[in-house]
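The residues making up each chain are set out below.
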Amino acid sequence: MSKKRRKQGAAAPSGAATPPASHAPDPSAPVPPRRRRLWPWLAGFVVVFALVFGWSWWSAEQFDARFDASFVGSQTCGECHTLVHAQWEVSPHANMLRDPSQQSVVGNFKDGEFRLPPESPDPLRGEVVARTYMRGGAYFMAIRHPTEDRFVEFPITKVVGYQYRQEYLTPEPGGVMRRLPLQWSTATGSYFPYWNVQEGSPQSVADLWEQMTTLHSAWNLYCARCHVTDLDIVAKNPSHTRAQVRWHEDGITCEACHGPGSLHSEYMKSSAANRLAMWVQNHLKGRPVAYIASAAKLPKGQSLSVCARCHGADIFAANYDVYRTFQPGYSLEGRINDLSDYFFQTPLTPGRKDATVEVWDNGRPRGIGMMFRSFVESSCYAKDEVRCYDCHNPHDNKREAVPGRLTASAGSNAYCTECHADIAKAPDAHTKHAGGTPGSFCYDCHMPWHITKLNRGIWERARTHEMSSIPNPQDSVKFGLEKAPNACTDCHKPEGPEWAVDVMERWWPGSTKRTHTYRTPTGFVEPPAVRH
């Protein structure tokens, strides 16, 4: 509006004349036809809006009756979920499987080599039996022929992992992605034969080649289920030398944990009414999000199955396909969405030495593949609602969900005492250690470093997740410290387990008389007699 028009339209000054009464509107005059015609339109709009919102509300109430959907990809998820997508994008899960490049490869492909150790039974011990290099921008590993004086070259088309160790995959004519026998250790900065070290078996050229003939070395038929999203094994032969395999995305993406997202995406994008209805259902009524699995809104078994499908490795081979075809969420097609019936399937056989699923001689989980099993063996799992994502950031999976939650600290103590409030009233009386010192934190005694792992190419330990465990030096006396460690002598090594038994008896009379029991298919039993 021009200044002239604004001036003309301004309010009249106080001294202006009053308009004649004849110009005042007559209240009894009929409403102009144009104004009357607006009411039907307005009423129609209200009715249509009510119907649309009502349909959206009804759909939001009914969505768990049908869930089977198709995969849309993490990029589609990131269009709306920008913050969590940015967290996930830099996580180990997102970058678990990649094409080889300067950004993804951590091994030495400039002049890399591997020599057999001096103790090898092979006549070539001490000599170079494998080399890694680049040519024309491509990556290669060459391995010494088992019977001839030459090297055989393998092109590398995928790399797995990067933060602890990295393994390398080569394609075969039959469609199998073969796992090469040497991996890169980030701890030592060198190549090593992972399975020889894991099993303690002799290293030789013949054995390196033998490792590429096992069923499990067919990576896309065995390992891929935990490193890609939506793995579909269309066909394979019994010897795992031929395979037709496909998957939707490399890495552990959004839909690996939340289920296929096409219905969710369509529902949320179709109208603002749908989004409003779902916001009310989710945030005010506590219902799950429409057509997608949100672990926090799922029953405990379904929620923890999302993690167990890969971190619960102690399953029978016959159930590999059950774990592979698992999908979080609801299904009319009969897809498995709850693996909790399989959590305890494998017996905790004392002294088991099977690689990655070892068991201590007192029946407690030992190998890195038993991490999840140690968690579900705890009273915290059996009696309460403890979830993995309480401590671990579910989107950037190597970060803590809450500051201090992944370390022995005041922060982790606060988490434990949310339930154990009686201990929080007088913590020193319970721990027998001064506050803020080793032994005063819940994790020190109840989550000791008793899970063995070769993640970085060197033997290390991680914390057991059997949170209800208590220091058990009596088991170390019975079986030997190397076969049944205990939290007390983790810190008090010079004093030994017998000393720890005496101290515990003074602090808690009778506490060392009980024997740890372990789960079997027929119930809980005591470990067998002394094994050392």
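Computed from a predicted model, the values in this text were never measured in an experiment. (Residues numbered from 1 in each chain as written. Predicted model: local features only at pLDDT ≥ 70, side-chain atom pairs only at ≥ 80, totals over all residues. Heavy atoms only, no water.)

Novice: Can you walk me through the overall build of the protein chain in this structure?
Specialist: Along its length, the protein chain carries 20 helices and 18 strands. Burial statistics for the protein chain: of 532 residues in total, 45% are counted as buried. Across the protein chain, every contact between residues at least 6 apart in sequence was considered, and the portion connecting residues at least 24 apart equals 58%. When the accessible area of the protein chain is evaluated, it comes to approximately 28,300 Å², of which 58% is carbon and sulfur surface. (Helix = DSSP H or I, 4+ residues; strand = E, 2+ residues; numbered from the N terminus. Buried < 20%, exposed > 50% of the residue type's maximum accessible area, 1.4 Å probe, protein only. Contact = heavy atoms within 4.5 Å. Areas by Shrake-Rupley, 256 points an atom, 1.4 Å probe, with all protein chains shown as cover.)

Novice: Sorry if this is basic, but what is going on with the sheet that holds strand S4 (residues 138-144) here?
Specialist: Backbone hydrogen bonds are what pair the strands of a sheet, in a parallel or an antiparallel way. Strands sit in the order S2-S3-S4-S5 across an open sheet of 4 strands; the sheet is antiparallel. Each edge of the sheet is formed by a strand with only one pairing partner; in this case those strands are strand S2 (112-115) and strand S5 (151-156). Between one strand and the next, the sheet's axes are offset by a mean angle of 20°, whatever the strand orientation. In this sheet, S4 lies alongside strand S3 (residues 128-135) in antiparallel orientation, the contact comprising 6 bridges. Looking across to S4, one finds that Arg 131 is bridged to Ala 142. (Pairing = 2+ DSSP bridges. Axes fitted to C-alpha atoms, helices over the stretch in contact; angles between N-to-C directions.)

Novice: Teacher, can you tell me more about the packing of aromatic side chains here?
Specialist: Note on aromatic pairs: each is described by the distance of the centres and the angle between the planes. Counted by the stated rule, this structure contains 19 aromatic pairs. Arranged with centres 5.8 Å apart and planes meeting at 65°, the rings of Phe 375 and Tyr 381 form a pair that is edge-to-face. Like Phe 375, the residue Tyr 381 is buried in the burial classification. The rings of Phe 109, Tyr 139, Tyr 168, Trp 184 and Tyr 191 are connected pair by pair, giving a single aromatic cluster. Sitting above the plane of the Phe 151 ring, Arg 131 keeps its charged end 4.5 Å from the centroid. (Phe/Tyr/Trp six-rings, centres within 6.5 Å; stacked < 30°, edge-to-face > 60°. Lys NZ or Arg CZ within 6 Å of the ring centre and 35° of its normal.)

Novice: What exactly am I supposed to notice about the side chain of Arg 324 here?
Specialist: Mapped onto the fold, Arg 324 is located in helix H11 (residues 320-325). Exposure remark for Arg 324: the relative accessible area of 13% places this residue in the buried category. Not counting residues within four places of it along the chain, the set of residues in contact with Arg 324 comprises Arg 225, Leu 231, Asp 232, Ile 233 and Arg 309.

Novice: Teacher, can you tell me more about the nonpolar core here?
Specialist: A general trend in soluble globular proteins is that nonpolar side chains are found buried together. Grouped together as the largest cluster of nonpolar side chains are 23 residues, with contacts concentrated most on Tyr 323, Leu 339, Phe 343, Phe 372 and Phe 375. When contributions to this core are tallied by element, the ones reaching two or more residues are helix H10 (300-311), H11, helix H12 (371-376), helix H13 (379-383) and helix H14 (410-416). Other than its neighbours up to four places away in sequence, Phe 372 contacts Leu 304, Ala 308, His 311, Gly 312, Phe 343 and Cys 388. (Core = buried A, V, L, I, M, F, W, Y, C linked by side-chain atoms within 4.5 Å.)

Novice: Can you walk me through the pattern of salt bridges in this structure?
Specialist: A pair can form between side chains of opposite charge whenever their charged atoms are brought close. Going through the model one piece at a time under the given rule, you end up with 15 salt bridges. Here Lys 158 and Asp 99 are joined by a salt bridge, their closest N and O atoms 2.7 Å apart. One end of the pair, Lys 158, is in strand S6 (residues 158-160); the other, Asp 99, is in the loop between strand S1 (97-98) and S2, and 59 residues separate them in sequence. On the basis of relative accessibility, which here comes to 14%, the residue Lys 158 falls in the buried class. Overall, Asp 99 belongs to the partly exposed group, its relative accessible area being 48%. (Salt bridge = Lys/Arg side-chain N within 4 Å of Asp/Glu carboxyl O.)

Novice: Just checking my understanding: could you explain the environment of Pro 528 for this structure?
Specialist: Relative to the assigned elements, Pro 528 resides in the segment after strand S18 (523-525). Exposure remark for Pro 528: the relative accessible area of 36% places this residue in the partly exposed category. Spatially, the C-alpha atom of Pro 528 lies 8.2 Å from that of Asn 362, the residues being 166 residues apart in sequence.

Novice: What is the right way to look at H10 in this model?
Specialist: Since the α-helix packs 3.6 residues into each turn, any two residues three or four apart lie on the same face. Over its 12 residues, H10 extends 16 Å from the first C-alpha to the last, a length consistent with the 16 Å expected when each residue adds 1.5 Å. Most of H10 is tucked away, with 9 of its 12 residues classed as buried. All of the buried residues in H10 are Lys 300, Gly 301, Gln 302, Ser 303, Leu 304, Ser 305, Val 306, Ala 308 and Arg 309. Looking at the buried side of H10, the elements it contacts are helix H7 (254-258), H11, H12 and H13. (Expected span 1.5 Å × (residues − 1).)

Remember that the coordinates give geometry; whether it matters functionally is a separate question.
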